[in-house]
Amino acid sequence: MSITVVGSVAFDAVKTPFGERERMLGGAATYFALAASFFDQVHVVGRVGDDFGEEDLGVVAARGTDVTDVERVPDGKTFFWAGEYGWDLNSRETLDTQLNVFQDFQPQLSPASRECDALFLANIQPELQLSVLEQCGETKFVAMDSMNFWIDSARDALIEVIRRVDCVVLNDAELRQLTGRPSIIAAAREVLGLGPSAVVAKQGEYGSALVTEDQFFSLPAFPLEKVIDPTGAGDTFAGGFVGFLARQLDRPLTEPVLRQAMAYGTALASFTVEEFGTERLQRMNGGEIDSRVEELRRITQFEHVAVPLETS
Ligand code: AMP
């Protein structure tokens, strides 16, 4: 199976209570690819400047990821994002966004990227997400992300994208903003009404919830005593989630498969937040991921203990 991801490949400056990095490799497509490449062949579609070195590209290309569609613009500067986290790491302030070469990004997919089995539309302008959908005709599974800025400024195009995908992955605040509904379940159900068959609500350190037509499932984040940098957790989650699902596309996506995909997304994201940027993701192995998935299974089970309750 192969997966195509379209989105930012970036340099980030990040400050957390545990330190800072002035310029580190980042971008939604980077985190997604590093996670999804544990499962399948990944094709990355993006745009960088000539300040983006071979070494950076080599990191994105880990585990055989195809970076042919990462266009390098001569004399251009790579997308740059700067953010700072509060002491509890839950609140994040964006300090700077420099679109640079990303400003005129018009994704052009090579035949290999178009012929993917699964597609992830990372957080980019909804009109560009639509153009990618038009280029990929026969994709079996399409998931998407977005952000507050597009919900505000390009709502109609965003709704059109949502109508055409199988799965929407948004954080809880974005789901509320999109639907105007305070309840995450009600918000997710409204989004399902537009067409997708699954909605994943990411809830940061509280984990994530999966809402389908007649089911609900929720997983906590993997319990960690020390989180260093949450940047990229959401995109890593998406990479693990879509990566696992893509391996199962020869049969119907049942609830158990979707739930296990949630566990893989959660386990992978837990590695990302343990160090700055992609540092931890770059030296991970499949065995470590599997053991965190097992641990998640263990901590989310509870036995039946009969306790008769008062009836009046
Ligand atoms: P996350 O922490 O999962 O929300 O993702 C963080 C990544 O998203 C960073 O590596 C940034 O480079 C990237 N990013 C931040 N803002 C944007 C934006 N407006 N468009 C695309 N990517 C972005």
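So, here is what we can say about the structure in this document.

Criteria and thresholds
Residues numbered from 1 in each chain as written. Predicted model: local features only at pLDDT ≥ 70, side-chain atom pairs only at ≥ 80, totals over all residues. Heavy atoms only, no water. Helix = DSSP H or I, 4+ residues; strand = E, 2+ residues; numbered from the N terminus. Rg over C-alpha atoms; globule rule 2.2 N^0.38 Å. Buried < 20%, exposed > 50% of the residue type's maximum accessible area, 1.4 Å probe, protein only. Contact = heavy atoms within 4.5 Å. Areas by Shrake-Rupley, 256 points an atom, 1.4 Å probe, with all protein chains shown as cover. Pairing = 2+ DSSP bridges. Patch = residues over 30% accessible without salt bridge, like charges linked within 9 Å, V, L, I, M, F, W, Y side chains within 5 Å. Salt bridge = Lys/Arg side-chain N within 4 Å of Asp/Glu carboxyl O.

Attention shifts here to the overall build of the protein chain. Across its full length, the protein chain carries 11 helices and 13 strands. For the protein chain, whose C-alpha radius of gyration is 19 Å, the value lies close to the compact-globule estimate of 20 Å for 312 residues. Its C-alpha atoms give the protein chain principal-axis dimensions of roughly 75 × 45 × 35 Å. Burial statistics for the protein chain: of 312 residues in total, 55% are counted as buried. The long-range share in the protein chain, meaning contacts at least 24 apart out of those at least 6 apart in sequence, stands at 64%. Accessible surface, the protein chain as shown: approximately 14300 Å² in total, 48% of it carbon and sulfur.

Of the two faces of strand S8 (residues 118–121), the one lined by Ala118 and Phe120 and the one lined by Leu119 and Leu121 are each fully buried. Bridge count between strand S1 (residues 2–6) and S8: 4 bridges; the pairing is parallel. Across the sheet, the residue bridging to valine 6 is leucine 121, located in S8. Two elements, S8 and strand S9 (residues 141–144), share 4 bridges in a ladder whose sense is parallel. The partner of phenylalanine 120 across the bridge, within S9, is alanine 143.

Moving on, we come to a nonpolar patch on the surface. Taken together, the side chains of Val305, Val307 and Leu309 define a hydrophobic patch exposed on the protein surface, amounting to about 350 Å² of accessible area. With respect to the secondary-structure elements, leucine 309 resides in the segment after helix H11 (286–299). Look at leucine 309 and you get exposed, because its relative accessible area is 69%.

Here the focus is the environment of proline 196. Along the chain, proline 196 falls in the loop between helix H8 (184–192) and strand S11 (198–202). What makes proline 196 buried here is its relative accessible area of 4%. Spatially, the C-alpha atom of proline 196 lies 9.3 Å from that of valine 142, the residues being 54 residues apart in sequence. When residues no more than four places from it in sequence are discounted, the contact partners of proline 196 are Ile162, Val165, Asp166, Cys167, Val168 and Val191.

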